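A closer look at the structure
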Amino acid sequence: MTIPIPAEDPRHVPNRAVIDPSAITQNTRDLTGLLEEHTALMAVVKADGYGHGMLTAARAALEGGATWLGVAHPASALALSRAGLDVHILTWLYEPHTAAIVLPEVISSGIDVSVGSPEMLTLVADAARQADRRARVHLKIDTGMGRNGVLPEQIRQIGAAMREDDFIEVVAAWTHLTSADDPTDPSTDQEVALFDSACDALADEVGPIPLQHLANSAALLTRPDLHRDLVRPGIALYGYPPVATDVPLRPAMTLTSRLALVKEVPEGHSIGYGRIRSTSRRTRLGLVPIGYADGLHRAGSDQCDVLVRTASGDHRAPQVGRISMDQIVIDLGPDTDASAGDEVFVFGDAGEAPTEPSATTADDWARAAGTIPYEVLTSVSGRVTREVRA
Ligand SMILES: Cc1ncc(COP(=O)(O)O)c(C=O)c1O
């Protein structure tokens, strides 16, 4: 039996991930603007829309011109379909236990399914027979990721098996690039060459392949030659391009909290576990009730600023000492007018705030913690209330 965790009443929780769907819509619009007319855009909304809320992200991306949605888990695909989002949906990650329970409904709902091994083909074919409906299959090719995907030398055998099964319709061949975020890395061209020859071999077995797709955000932004029939951006939709770009992508999540306490301390006062920081002067410290259990990586301790909105305006304040499970400390300076209850922008876009000082981004937190904004965004935990900006 699974027991749901009781949700905390949002009115009693100071921490909010404020989602701006118009940023996702505009980002999608800007990205579709880079595509030839025949290329469609699949909005990748897995992992609860990279932490932004899957349905919120999906609806916003569709408004911006996406015509496909992509999710890892079949259960997420079903949730999109049940929400009435009448678009192409692709799901690609399942194991036998989940497949037996969920794939028949996935297939009867008209959701496309990825096959990345002979065993997965068997699971999909069995589910399609149970659903009494042909499965629309995207064959995933492992061109170097070493995860899910058939090896190029398996293509002919699996192609023949798909051709001979009336319950399988091959609608696409696809792969996922390992290194597109480094445009100088030669691996991308090597992977594309493998993909192209695998597609040729597959076409020999099953006939023309309607769709090919391989471009994530990085390849979408840097390699127009890889757009093919469909591109699959994730992180760029949420405002964090993984490569340098002129496209004015805007972060869609702002993480906010409120000061719980402001107190004056003398010079030399230590802060937090391990005393990695002490005050260099008499100052006022602010306690913010947000910590690593809310998604702030402890490895990023003592490196990023937050923005505090006080009666006199917006002020940057450094986060000092180790990040704790439920709280961080910020140095407000000796002359601050901040007081308990004032809003704190941990990262994102402070909305109506003046652009100076600017808020910290999820990229800043990622760099501080030695990780990537993908992980920062998807780490914002379930106890942080999601609030969708109107
Ligand atoms: C199969 C697949 N396609 C596309 C994406 C989107 O990648 P990105 O967020 O880098 O655009 C992902 C995300 O990791 C993925 O797993």
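Being a predicted model, the structure only gives us computed values, none of them experimental. (Residues numbered from 1 in each chain as written. Predicted model: local features only at pLDDT ≥ 70, side-chain atom pairs only at ≥ 80, totals over all residues. Heavy atoms only, no water.)

1. Concerning the overall build of the chain
- A tally of regular secondary structure across the chain gives eleven helices and 19 strands.
- Projected onto its principal axes, the C-alpha coordinates of the chain cover approximately 80 × 50 × 40 Å.
- The proportion of buried residues among the 390 residues of the chain is 52%.
- When the accessible surface of the chain is summed, it comes to about 17400 Å², and 50% of that surface belongs to carbon and sulfur atoms.
- Seen as two clouds, the 33 positive and the 52 negative side-chain charges of the chain have centres 6 Å apart. (Helix = DSSP H or I, 4+ residues; strand = E, 2+ residues; numbered from the N terminus. Buried < 20%, exposed > 50% of the residue type's maximum accessible area, 1.4 Å probe, protein only. Areas by Shrake-Rupley, 256 points an atom, 1.4 Å probe, with all protein chains shown as cover. Lys, Arg positive; Asp, Glu negative; His and termini not counted. Charge placed at Lys NZ, Arg CZ, Asp CG, Glu CD.)

2. Considering the UniProt feature "active site" (unreviewed entry) in the chain
- UniProt records the feature "active site" (unreviewed entry) for Lys46 and Tyr273 in the present numbering. These residues run over 228 residues, and the two farthest C-alpha atoms among them are 35.2 Å apart, placing them at more than one spot.
- The residue lysine 46 is located in helix 2 (residues 46-50) in this model.
- Apart from the residues lying within four places of it in its own chain, the contact partners of lysine 46 are Gly70, Val71, Ala72 and Trp92. (UniProt positions renumbered as here; feature names shortened; annotations may be inferred. Contact = heavy atoms within 4.5 Å.)

3. With respect to the nonpolar core
- Of all hydrophobic cores here, the largest spans 114 residues; its most connected members are Val45, Val124 and Phe347.
- Counting contributing residues per domain, this core is built from domain 1 (21-238) and domain 2 (253-388), each supplying no fewer than three.
- Apart from the residues within four sequence positions on either side, valine 45 is in contact with Met54, Ala57, Ala58, Leu69, Gly70, Val71, Leu80 and Tyr238.
- If you look at the next biggest cluster of nonpolar residues, it comprises five residues, including Val265, Ile271, Val320 and Val329. (Core = buried A, V, L, I, M, F, W, Y, C linked by side-chain atoms within 4.5 Å. Domains from an automatic or database assignment.)

4. Structural notes on the sheet that holds strand 11 (residues 261-265)
- Strands sit in the order 11-14-17-16-15-18-10-1-19 across an open sheet of nine strands; the sheet is mixed. The outermost strands of the open sheet, each flanked by one partner alone, are strand 11 and strand 19 (385-388). For this sheet, the mean inter-axis angle between neighbouring strands, taken without regard to orientation, is 35°.
- Bridging between strand 14 (residues 283-288) and strand 17 (residues 328-331) involves four bridges; their strand directions are antiparallel. Residue pairing in the sheet places valine 288 in a bridge with isoleucine 328 of strand 17. (Pairing = 2+ DSSP bridges. Axes fitted to C-alpha atoms, helices over the stretch in contact; angles between N-to-C directions.)

5. What about helix 1 (residues 21-32)?
- For helix 1, spanning twelve residues, the distance from its first C-alpha to its last is 16 Å, which sits close to the expected 16 Å at 1.5 Å a residue.
- Within helix 1, the full set of buried residues consists of Pro21, Ala23, Ile24, Thr25, Asn27, Thr28 and Leu31. (Expected span 1.5 Å × (residues − 1).)

6. Section: the packing of aromatic side chains
- With the rule as written, the count across this model stands at three aromatic pairs.
- With 6.1 Å between their ring centres and 35° between their planes, tyrosine 50 and tyrosine 374 make a pair best called tilted. Placement of tyrosine 50 in helix 2 and of tyrosine 374 in helix 11 (residues 373-379) is noted, with a sequence separation of 324 residues between them.
- Overall, tyrosine 374 belongs to the partly exposed group, its relative accessible area being 31%.
- Taking 5.4 Å as the distance between ring centres and 55° as the angle between the ring planes, the aromatic pair formed by tryptophan 92 and tryptophan 174 counts as tilted. Pair noted here: tryptophan 92 is in the loop between strand 4 (88-91) and helix 5 (96-108) and tryptophan 174 is in strand 7 (residues 168-174), with a separation of 82 residues, a long-range link. Taken as a pair, tryptophan 92 and tryptophan 174 share a single burial class, namely buried.
- Connected via pairs of aromatic rings, a cluster forms that spans Tyr50, Tyr238 and Tyr374. (Phe/Tyr/Trp six-rings, centres within 6.5 Å; stacked < 30°, edge-to-face > 60°.)

7. Details of the environment of alanine 61
- Its location among the elements puts alanine 61 in helix 3 (residues 54-63).
- Taking the C-alpha atoms as reference points, alanine 61 and alanine 23, separated by 38 residues in sequence, lie 9.4 Å from one another.
- Ignoring anything within four residues of it in the chain, the contact list for alanine 61 reads Ile24, Thr28, Ala43 and Ala66.

8. Considering the site of the ligand
- In the vicinity of the ligand, 13 residues are found, and the nearest of them are Tyr50, Ser217, Gly234, Ile235 and Tyr374.
- Between the ligand and serine 217 there is a distance of 2.5 Å, counted from an oxygen atom to a side-chain nitrogen or oxygen.
- Between a nitrogen atom of the ligand and a side-chain N or O atom of arginine 232, the distance comes to 2.9 Å.
- Bound to the protein, the ligand loses 92% of the 390 Å² it would expose on its own. (Near = heavy atom within 4 Å. Polar contact = N/O pair within 3.5 Å; in protein donor to acceptor, adjacent residues only side chain to side chain.)

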